[in-house]
Amino acid sequence: MEYSAPKSTCLLCKSEFTRRGIGRHLTSCLKKYTPKTKNSLHRKYCFLSVQAVSDPDYFLYLLVAQDAIVEDLDDYLRKIWLECCGHMSSFSYGRWGEELPLTTKIRELCRRGEPLNYMYDFGSTTELWIKIYREVACSLEIGEEIILLARNAEPIVPCDVCGKYPAKHICKECQWDGNGWLCDKCATTHECGDEMFLPVVNSPRTGVCVYTGAEEKERPLPKSLKASLAGKKKTAKILKIK
Ligand SMILES: [Zn+2]
Ligand SMILES: [Zn+2]
Ligand SMILES: [Zn+2]
Ligand SMILES: [Zn+2]
């Protein structure tokens, strides 16, 4: 299917990047925004990216506390991207590797640094690829287990029928024949009826099983993620010169 993928925003500095550029940007941006000093109240985080295997234009960049466990990541992925009816899921190193126990510490993944494969639902599977950036660890004041740093902007998929407007509904029957992604207008005259529709949502599980979107809204970034003082001073100086 032809579609356009708009640029995605780095939630730290609010700049926009393409899929290919945002990972590299985040690794450097994160250095500016994390505190240089740490104390006993800090928690270590691991930086990782999650991509849909079927379509890498769906991605997430996350900081995950190293003392959290794989089950916390599973919960998070379900909430933001996947959960429709409580299907089974699994994590493994590589596609055919041994399944990881849900109690595995994130610290362990970080130490090993190997990419992980994740599957949700062993029937209509949504498969994800998790990359660990070992070299980018950071310490933040104790806060949430998982912090979202960037996610893909929603791809704009044109309606299969008119090709003019963005699709908003997916007909569960017709999507397999290549004419099930429908705009609001074309949906009203679609013969299958709206009980066959699923909404188009920003998730690799859109149109799958009975998925209708995320359970909860994205949370704001924690206060401990701020531009370091040095960075701020520099900006101030430049402004004075002007
Ligand atoms: Zn940034
Ligand atoms: Zn389901
Ligand atoms: Zn249309
Ligand atoms: Zn239909």
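On a predicted model such as this, the values are computed, not experimentally measured, just so you know.

**Considering the coordination of the zinc ion (ligand 1)**
Phase 1 of the analysis: Protein coordination at the zinc ion (ligand 1) comes from C10 (SG), C13 (SG), H25 (NE2) and C29 (SG), with a distance range of 2.0 to 2.4 Å.
Phase 2 of the analysis: For the zinc ion (ligand 1), the four donor atoms in the first shell make angles of 104 to 115° at the metal, so the coordination geometry reads as tetrahedral.
Phase 3 of the analysis: Donor residues for the zinc ion (ligand 1), ordered by position in the chain, follow C-x2-C-x11-H-x3-C.
Phase 4 of the analysis: Classification of C10 by relative accessible area gives buried; the value is 0%.

**Regarding the sheet that holds strand β4 (residues 59-65)**
Sheets are built from strands that pair by backbone hydrogen bonding, the pairs being arranged parallel or antiparallel.
Phase 1 of the analysis: The antiparallel open sheet is built from six strands, whose spatial order is β5-β6-β7-β3-β4-β8. If you trace the sheet from one side to the other, it starts and ends with β5 (89-93) and β8 (146-151), each paired once. Taking each pair of neighbouring strands and ignoring which way they run, the sheet shows an average axis angle of 30°.
Phase 2 of the analysis: Here five bridges tie β5 to strand β6 (residues 116-120), and the two strands are oriented antiparallel to one another. Looking at the pairing, S92 lines up with N117 of β6.

**Things to note about the pattern of salt bridges**
Phase 1 of the analysis: Taken as a whole and judged by the stated rule, the model has ten salt bridges.
Phase 2 of the analysis: With a closest N to O distance of 3.0 Å, R19 and D57 form a salt bridge. Note that R19 is positioned in helix α1 (residues 19-33) and D57 in the loop between β3 (42-52) and β4, a separation of 38 residues in sequence.
Phase 3 of the analysis: What makes R19 partly exposed here is its relative accessible area of 27%.
Phase 4 of the analysis: On the basis of relative accessible area, D57 is assigned to the buried category, the value being 18%.

Rules used in this analysis
Residues numbered from 1 in each chain as written. Chains lettered and ligands numbered in written order. Predicted model: local features only at pLDDT ≥ 70, side-chain atom pairs only at ≥ 80, totals over all residues. Heavy atoms only, no water. Donors = N, O, S within 2.8 Å, 3.2 Å for Na, K, Ca; no water. Tetrahedral: all angles 85-135°; square planar, octahedral: opposite > 155°, others 65-115°. Buried < 20%, exposed > 50% of the residue type's maximum accessible area, 1.4 Å probe, protein only. Pairing = 2+ DSSP bridges. Helix = DSSP H or I, 4+ residues; strand = E, 2+ residues; numbered from the N terminus. Axes fitted to C-alpha atoms, helices over the stretch in contact; angles between N-to-C directions. Salt bridge = Lys/Arg side-chain N within 4 Å of Asp/Glu carboxyl O.

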